[in-house]
Structure formats: C-alpha cells, structure tokens
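Fold and geometry: a report
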Amino acid sequence: MSQSKLLFLSGDEVRKALPMSDAVEAMKQAFSALSAGKAIVPARTHIALPATGGDALFMPAADVEAGQMCLKIVTLFEGNRAKGLPFIQAIVTLLDASDGRTLAVMNGAMITAIRTGAASGAATDLLARTNAESVAIFGAGVQAQTQLEAVCAVRKIVRASVFDVSDEGAEAFAIEMSGRLGIPVRRASSPKDNVTGADVICTATTADTPVFDDADLAPGVHINAVGSYKPHVREVPPETVVRSRVVVDEVAAALEEAGDLIMPINDGLIDRDHMVAELGEIVAGAKPGRNNDQEITFFKSVGVAIQDLAAAGRIYANALRDGLGVELDL
C-alpha cells in the first residue's frame, strides 16, 4: 500500500493561493451549489466553553460534483486578545471524496477571513448599487480587513471609514488599509460619523447589541453583517431589518444562528418570509437582487462550511499550480 501524502499550507501560502477576486467567484459558485442542493452541508457542531469564555465550531461539507469534502475546526476565544493570541484560530482539512484521502491541511483562520470577506464581496456585487463608492466598516480585526478588501474588489470604491471600540485599533486599521488598497481610509469618531453617507456598510464585530442607529442610514445603502453568529446577539438594529430586503447565506443556518433575524422574528416584527432569498438563488438568477436605488439591502451571513470547501479546493489547485506549500507524509 502506497503511503499517503498531504500538502500543508501556512496562512501566508493560503493568502498567496487565493486572491480576493478568485475568492469572490469561488463564493458565488459555493452559494449557487448550496441553494441548488448540490452540496452536502450538515449543521455545524457548536461547543460552548463558558469556563474559558470560548467557542469551538466543527464544520463539515462535501461537494460530490467537485469530488472533494472538508472539515474545518475553528475556535473563538475572546480572552485571547489579552494573552497576545488570535481571537480566531482554525484549521481546514481537505479530502478526496472519491477515496477518502487527505489532500491538504491549511491555515483555517486565513481561509475564514478571506472567504467571509469574499462572501460579502459576492453579496455586494449582486445587491449594492452599481455606483457605490464609499464604505463604512465596523470592527478593526482581520475579518474587517477582508470585508473592505472584498468590497473594493467588486466596486470602484474611492473612500472608506472605520469605527471600532478601540481608537488605536481603528487608527491602525485606517493606516494599514489606506496603504494596502490605495484609497483614503479614515477613523470615524462615532458610529453615526461612520455610516453617514455610506453606500456600503460591513459589520465584523463581536458586539452583542446594534453597532449603529437605523436613523443614520442613507437611502439605498447595502449592509453586510458577518460578526454575530449566535441567536441572542446582533449587530444590526431591528428597525433596519424590518425595512430592508434581506438575503442570507442559507435560510436554515440563519434561523438557527442569526440573532439579527431571530430576535426580530421572536418579537413579531418580521416572519420567516422576510428572508426573500438565499444568495445562491440570486447568483443563479432564480430570484432578483436589488429592486431600486432607494432600497436598503441587507446580507446576513453566519458562515456555512461549503464556503470553506470552495475556498480550500481553489487554494489546493492554485497551490499545486504555483508550487506552494510543504508536502508531508501522513
């Protein structure tokens, strides 16, 4: 029996193997396959660790047509920041769906950041006004960076702002992203200052309560909310949800984990049908996106494992092509 080999890819190698433009297209394909029933995506397992203030998520997925499957293990520990450790840590294992061989093990934190940003990029491409040129970001971590990067990949953005509970973090974000993207990024003085006049808003925070006021939104704004993934927390005001055209990554996942939607449903403000489409249905042309330039569109994503599989498959192919990674005996 021949010895199995796998490819190991670090965070830097993952980023090299998955440019944001590639990632956005991979997410469109992933959501389309999900909504069409071509992907096998069991509900993710969530282990809460209250004693240490952490969460562990186990996320499997398979795409028989693509011939691959994967498992992502991701941990989120709020106390890690004080220890100098990353808040999000993860690995992704990619397997061959035809014979079960392990093909690769990858830095899952980088995949999570890129694919989460790319999902918002795909949603922005399909839902935001075509002339959108300004972005407001809430949060200043790695996830926030890829949110801005992805929006800039699909729209001609000329300015951006960021608000975070840490002034220092927001300032560092503004400096880094200005240099990386070649556009002016400023630190907003308040949530209102951040969203006033913004064409696109991205929330990537750990907040329990809404991070902006509904009354401060400009007509026709598009919102991507990716930070909260628990039924009792939210980043977006219920008033905004009520008057928005709401699109989700997956209805079943949203009803299980999206507090931004679950809480208004439980309060009787909206019902399940307020989620007008899954993003994959819009990708496939089965349902429309934005109706007019005055409409507020809202994409809520809690993250689904098919995103990780689509990203990992693209990374693996590009890494083999470009000679990235280290081959290990299993």
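Quick look at the structure, then.

About the criteria used
- Residues numbered from 1 in each chain as written.
- Predicted model: local features only at pLDDT ≥ 70, side-chain atom pairs only at ≥ 80, totals over all residues.
- Heavy atoms only, no water.
- Helix = DSSP H or I, 4+ residues; strand = E, 2+ residues; numbered from the N terminus.
- Rg over C-alpha atoms; globule rule 2.2 N^0.38 Å.
- Buried < 20%, exposed > 50% of the residue type's maximum accessible area, 1.4 Å probe, protein only.
- Contact = heavy atoms within 4.5 Å.
- Expected span 1.5 Å × (residues − 1).
- Disulfide = S-S within 2.5 Å.
- Polar contact = N/O pair within 3.5 Å; in protein donor to acceptor, adjacent residues only side chain to side chain.
- Phe/Tyr/Trp six-rings, centres within 6.5 Å; stacked < 30°, edge-to-face > 60°.
- Lys NZ or Arg CZ within 6 Å of the ring centre and 35° of its normal.
- Pairing = 2+ DSSP bridges.
- Axes fitted to C-alpha atoms, helices over the stretch in contact; angles between N-to-C directions.
- Salt bridge = Lys/Arg side-chain N within 4 Å of Asp/Glu carboxyl O.

All right, on to the overall build of the chain then. Check the secondary structure of the chain and you find 12 helices and 15 strands. Over its C-alpha trace the chain gives a radius of gyration of 19 Å, about what one expects of a compact globule, namely 20 Å for 330 residues. If one aligns the C-alpha atoms of the chain with their principal axes, the spans along those axes are about 65 × 45 × 40 Å. Counting the 330 residues in the chain, one finds 56% classified as buried. The contacts in the chain between residues at least 6 apart in sequence include a share of 70% that link residues at least 24 apart.

Among the structural elements, methionine 263 can be located in helix 10 (residues 259-266). Once the C-alpha coordinates of methionine 263 and valine 185 are considered, the two residues, 78 residues apart in sequence, prove to be 33 Å apart. Residues contacting methionine 263, with those up to four places away along its chain left out, are Pro231, His232, Val233 and Arg234.

Moving on to helix 5 (residues 142-154). Given a rise of 1.5 Å per residue, 13 residues ought to cover 18 Å, and the 19 Å separating the end C-alpha atoms of helix 5 matches this to within 8%. Summarising burial for helix 5: 10 of the 13 residues are buried, a large majority. Among all positions of helix 5, only Gln143, Ala144, Gln145, Thr146, Gln147, Leu148, Glu149, Ala150, Val151 and Val154 are buried.

Before going further, it helps to examine the environment of leucine 34. In this fold, leucine 34 is placed in helix 2 (residues 20-35). Given a relative accessible area of 10%, leucine 34 falls into the buried group. Separated by 29 residues in sequence, leucine 34 and aspartate 63 place their C-alpha atoms 9.2 Å apart. Other than its neighbours up to four places away in sequence, leucine 34 contacts Ala39, Val41, Asp249, Glu250, Val304 and Ile306.

We now examine the state of the cysteines. As enumerated under the stated definition, the model contains 0 disulfides in all. Unpaired in terms of disulfides, cysteine 152 finds its nearest cysteine sulfur in cysteine 202, a separation of 9.4 Å.

Taking 1.5 Å of rise per residue, the 20 residues of helix 4 (residues 108-127) would be expected to cover 28 Å, and the 28 Å separating its terminal C-alpha atoms lies within 8% of that figure. In terms of burial, helix 4 is a largely internal element, 17 of the 20 residues being buried. You can read the cap of helix 4 off the contacts: a side-chain oxygen lies 3.1 Å from the backbone nitrogen of alanine 109, and it is on asparagine 107.

What the rule picks out here adds up to 3 aromatic pairs. Here phenylalanine 31 and phenylalanine 299 contribute two aromatic rings whose centre-to-centre distance is 6.4 Å and whose plane-to-plane angle is 80°, an arrangement assigned as edge-to-face. Taken together, the residues span a long stretch of sequence, with phenylalanine 31 in helix 2 and phenylalanine 299 in strand 14 (residues 297-300) at a distance of 268 residues. The pair formed by phenylalanine 31 and phenylalanine 299 is uniform in burial state, with each residue classed as buried. Measuring from ring centre to ring centre gives 6.3 Å for phenylalanine 138 and phenylalanine 163, while their planes differ by 65°; the resulting arrangement is edge-to-face. Remark: phenylalanine 163 occurs in strand 8 (residues 159-163) and phenylalanine 138 occurs in strand 7 (residues 134-138); sequence separation between them is 25 residues. The exposure class of phenylalanine 138 is buried, given its relative accessible area of 2%. For phenylalanine 163, a relative accessible area of 18% corresponds to the buried category. Among the aromatic residues, those joined into a ring-pair cluster are Phe138, Phe163 and Phe212. One cation-aromatic arrangement involves arginine 81 over phenylalanine 87; the distance from NZ or CZ to the ring centre is 4.5 Å.

We now examine the sheet that holds strand 10 (residues 200-203). With respect to topology, 8 strands assemble into an open sheet ordered 9-8-7-10-11-14-12-13, the strand pairing being parallel. At either margin of the open sheet sits one strand with a lone partner, and together these are strand 9 (185-187) and strand 13 (275-278). Across the sheet, the mean angle separating the axes of adjacent strands is 20° when strand polarity is ignored. Relative to strand 9, strand 8 runs parallel, the two being bridged by 3 bridges. What sits directly across from serine 161, in strand 9, is arginine 186. The strands that helix 5 touches are strand 7, strand 8, strand 9, strand 10 and strand 11 (222-225); relative to strand 7, the one it contacts most, it runs at about 165°.

On to the pattern of salt bridges, then. Per the counting criterion, the structure on display carries 23 salt bridges. Of the charged contacts, one joins lysine 28 and glutamate 25 as a salt bridge, the two residues approaching to 3.7 Å between their closest N and O atoms. Remark: glutamate 25 and lysine 28 occur in helix 2; sequence separation between them is 3 residues, near one turn of the helix. Taking relative accessible area as the criterion, lysine 28 reaches 14% and is therefore assigned buried. Glutamate 25 gets classed as partly exposed once you look at its relative accessible area, which sits at 38%. The salt bridge involving arginine 44 is made with glutamate 257; its shortest N-O contact spans 2.6 Å. One end of the pair, arginine 44, is in the loop between helix 2 and strand 2 (45-49); the other, glutamate 257, is in helix 9 (residues 251-257), with 213 residues separating them in the sequence. The exposure classification of arginine 44 matches that of glutamate 257, with both residues buried.

Nothing here speaks to function; it is all geometry.
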